[in-house]
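As a plain string of letters, each chain reads:
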Amino acid sequence: MFRKAILVLWVFVLGSPVLTLMSPASQTAWAQTQGSIIPIYQIQGRGAISPYYQQWVDSYGVVTAVVADGFYLQDPVGDGDPLTSDGIFVYTRNAPTVVVGQCVQLQRGYVDEFYEKTELSRAKSIQPTLRCPATTITPAPLPPARLGQPPATIFEPYEGMVVAVTTLEGVVQGPTKHFATGERELGLIARPLLPYVAGSRVFQADATSTGALLHLTNELGATLPEAGWGDLITLGDANSSQPTRAILDYNFGKYQLLLWPDTPLHHQPADHSLEVATPTADDEVTVCTFNLYGFGQGSEQYTDPQAYDQALAKRARTIAEILQGCTIIGLQETGTPDDAARLADLLRTAYGLDYTATALAGPGTQSLEFPLTNSLLTRRDRVQVLDATSRQGCSGQNYDVAVVLGACPSGEYALFNRPPLVVDLAIHGAWDKPLLLTVIVNHWKSKGGDETVNVVRRTDQARHVASLVQEKVNTDPQTNVIVLGDLNDYYQSGPVTALQNAVAPPLVHTYDLLPDLDRYTYIFDGASQVLDHMLVTPGLQPMLAEINSIHVNADFPAGAAAAVQQLARSSDHDPVLLRLRPAGAAILGGNLHYPGITVQVTRLESDAGPAAMSSPITTTTDELGDFRLWNLTPGKYQLQLLPPDDVTIAAALTTVELVAGYQAAPPQAVTHQQVQMGAALAGVAPLLQAQFVSE
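Fair warning: this is a prediction, and the values are worked out from it, not measured in the lab.

(A) Main features of the overall build of the protein. Secondary structure assignment for the protein yields 9 helices and 42 strands. Considering only contacts within the protein whose residues lie at least 6 apart along the sequence, 70% involve residues at least 24 apart. Total accessible area on the protein stands at roughly 30900 Å², and carbon and sulfur atoms take up 54% of it.

(B) Seen up close, the packing of aromatic side chains. This structure, assessed with the given rule, holds 9 aromatic pairs. Measuring from ring centre to ring centre gives 6.3 Å for Phe-203 and Tyr-520, while their planes differ by 75°; the resulting arrangement is edge-to-face. Taken together, the residues span a long stretch of sequence, with Phe-203 in the loop between β12 (184-190) and α4 (207-210) and Tyr-520 in the loop between β28 (508-509) and β29 (522-524) at a distance of 317 residues. Judged by relative accessible area, Phe-203 falls into the buried class, the value being 17%.

(C) Spotlight on empty space enclosed by the protein. Evaluated as defined, the whole model comprises 1 cavity of 30 Å³ or more. Estimates place the volume of the largest cavity at around 60 Å³. Lining the largest cavity, in full, are Leu-360, Gly-362, Thr-365, Leu-372, Thr-373, Asn-374, Ser-390, Asn-417, Arg-418, Pro-419 and Leu-421. Here the lining of the largest cavity is built from residues that sort into 4 nonpolar, 6 polar and 1 charged.

(D) Highlighting the sheet that holds strand β31 (residues 532-536). Taking strand neighbours across the sheet as the criterion, the 6 strands line up as β22-β25-β26-β27-β31-β28 in an open arrangement whose pairing is mixed. Of all strands in the sheet, those with a lone pairing partner are β22 (383-390) and β28, marking the two edges. The pairing of β22 with strand β25 (residues 421-427) spans 7 bridges and is classified as antiparallel. Each bridged residue has a counterpart across the sheet, and for Asp-387 the counterpart in β25 is Asp-424.

(E) Geometry of the nonpolar core. By size, the foremost hydrophobic cluster in this structure holds 35 residues, and its most contacted members are Val-163, Leu-216, Leu-248 and Leu-257. Elements supplying a minimum of two residues to this core: α3 (151-155), β10 (162-165), β11 (168-178), β12, β13 (214-217), β14 (232-235), β15 (244-251) and β16 (254-259). Not counting chain neighbours up to four residues away, the residues in contact with Leu-248 comprise Leu-142, Phe-155, Tyr-158, Glu-159, Gly-160, Met-161, Val-163, Leu-214, Tyr-255, Gln-256 and Leu-257. If you look at the next biggest cluster of nonpolar residues, it comprises 32 residues, including Leu-376, Tyr-491, Leu-544 and Leu-578.

(F) Structural detail: the environment of Asn-291. Within the element layout of this structure, Asn-291 appears in strand β18 (residues 285-295). Classification of Asn-291 as buried rests on a relative accessible area of 0%. Leave out the neighbours within four places in its chain, and Asn-291 touches Gln-332, Glu-333, His-443, Asp-486, Asp-532, Ser-571 and His-573. In terms of polar contacts, Asn-291 uses its side chain to reach the side chain of Glu-333, at 3.4 Å. A distance of 3.0 Å separates the side chain of Asn-291 from the side chain of Asp-486, its partner in a polar contact.

(G) Quick look at the state of the cysteines. Under the defined criterion, the tally for this structure stands at 3 disulfides. Note that Cys-288 is cross-linked by a disulfide to Cys-326, the S-S spacing being 2.3 Å. Residues Cys-288 and Cys-326 are joined through a disulfide that is right-handed, its torsion about the S-S bond being 110°. Here Cys-288 is found in strand β18, whereas its partner Cys-326 is found in the loop between α5 (305-322) and β19 (328-334), with 38 residues between them in sequence. Both residues of the pair, Cys-288 and Cys-326, belong to the buried class. Bridging Cys-394 to Cys-408, the disulfide has an S-S length of 2.1 Å.

(H) Focus on the sheet that holds β10. Pairing is mixed in the open sheet, where 9 strands are placed in the order β9-β10-β15-β16-β13-β12-β11-β14-β17. Taken across any chain shown, the strands that pair with only one partner, and hence form the sheet edges, are β9 (140-141) and β17 (265-268). Relative to β17, β14 runs antiparallel, the two sharing 4 bridges. Note on β17: the bridge partner recorded for Ile-233 is His-267.

What counts and how
Residues numbered from 1 in each chain as written. Predicted model: local features only at pLDDT ≥ 70, side-chain atom pairs only at ≥ 80, totals over all residues. Heavy atoms only, no water. Helix = DSSP H or I, 4+ residues; strand = E, 2+ residues; numbered from the N terminus. Contact = heavy atoms within 4.5 Å. Areas by Shrake-Rupley, 256 points an atom, 1.4 Å probe, with all protein chains shown as cover. Phe/Tyr/Trp six-rings, centres within 6.5 Å; stacked < 30°, edge-to-face > 60°. Buried < 20%, exposed > 50% of the residue type's maximum accessible area, 1.4 Å probe, protein only. 1 Å grid on protein atoms, 1.4 Å probe; cavity = no way out; pocket = protein on both sides within 12 Å on 5 of 7 lines; lining within 4 Å. Points joined across faces, edges and corners; volume = space filled by probe spheres on them. Nonpolar A, V, L, I, M, F, W, Y, C, P; charged D, E, K, R; others polar. Pairing = 2+ DSSP bridges. Core = buried A, V, L, I, M, F, W, Y, C linked by side-chain atoms within 4.5 Å. Polar contact = N/O pair within 3.5 Å; in protein donor to acceptor, adjacent residues only side chain to side chain. Disulfide = S-S within 2.5 Å.

Spelled out as structure tokens, the structure:
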């Protein structure tokens, strides 16, 4: 049977594809008019940046997948070089007209590095071609991620390619995210690596672990579950020897597996219990910070009245039932002062919590798309607002902040889209006289965009806020100031350290008291991190009773709907609660090296004799062996350590004298039987080896 080869070209008439057929002679003439063809693997090159960067090239390949704004193209044969990728993404901006399995040629495509991802864009023409000897792509086996090895060294040679993944068990570190495009994404780390990750949680500061994160996306139509932190995801069919096919992509600093709709995936949820704050006693005051996640009515926020009311109700419920009616709450991302007032009104009418809102409009309030305003909620039954000001900072650098007449002198520019809100308060409770407190609510420049510019701006913002604190300290050295909010930078980062150290005496970061595993308020791309902070002037230290990042949002998927999750995910940030006891409070902490050790203190009632004791207070060491006992009344306690069966503690019972402030528990000799046995075997092994050799 004779077959005539024909070249199929797409011609667009009013946006509809029409087939045009060319004879073999016409095909030859058409091919001769083309420029030099650069194979995809040469465009990708061996490095992270294409050797053809910012050049116009012609290339060709097989379409392997199509998405809303482009498609993936792969050389049908490849060059056999394990250091060069045979695939690439072609950005078309609008929906492409190519189909999977089609061999196409690009004329004059621009080689770009879009956020470090090599891609082709702005092609003058994308036409079917007969250049491909085959249109079936054999997936390349994808090597596993490794701890301590930069992901680019493993995955860059596969960027844009169809890959084969053997059965992969991963533990979720980045809960399921939802994007406006409908895309979902989750981040995980391979289960075999988890024992080598401290506390089983990947932290932003741990470059060894963050490099081993891999992300799954449904951009090609796969079904992804609503997965929370710690859930187990199994990719592939354990009963089949066939590997899972996917496309490995790189987007905004992370490698993603684009899964096809028929990808087998099993989801095993972890225990998603919620944290709830302890109610505030009459002799205490609680101060919270809470980013409300774009709670406004701008055109890119909640435009539908019903959706707005639902968002309002969920945030109010978090404050009432999770934060237990926190006395003072610094809010970020309230759209306008009216949104803060509506939240206070709902808390009064629905929960009987007598809140009032303090909010002052700033440059960010004026946005029609995404208005943002700092605000403060206070309980009128406990708190009197004495004064409130919005304190804009100024800079020689123009950051395009909306002009506020008179905010800065000539030649200088406004520093904050969301200026710090400075509020002076008098707090009443079961103590002698009102506690005078200044709260400064912050929302610094986000990390979006050029971070080299952003960090300079945040550092300037930090110094400005420090100057506001210093004003208070200079007026009254005994003043009590709390600086709180979404600082958009990490614990012990440059800007946060600048804030601390630019005040004399330096501010105290309350997270210094937290165990390492509790030190996060946000998860970005699978990495747990601190963005929301609480710093205090040193005079407040004896009053510190508790600092608690209440994990009800960050660990949960964006679409959480199960019954236990109805209170979860009212924001993408966890709220933080600071508890003060003006009469003084003690905190006992330490590290016992092993998890699961029960730590129990019982107060000795001095006025009733040494034999009299109060009810015991207990906690348990976490995965790293850390423990904290918060909000203890200063005095003498019996400290008892109750280890599990395989752990031995030399002095499990002792007496401690606690004073106001934080103190470490007395050091303990703690041994684990298996560790002790391993050490003993390690010590005797050389002797056994010597004996074996001598015989």
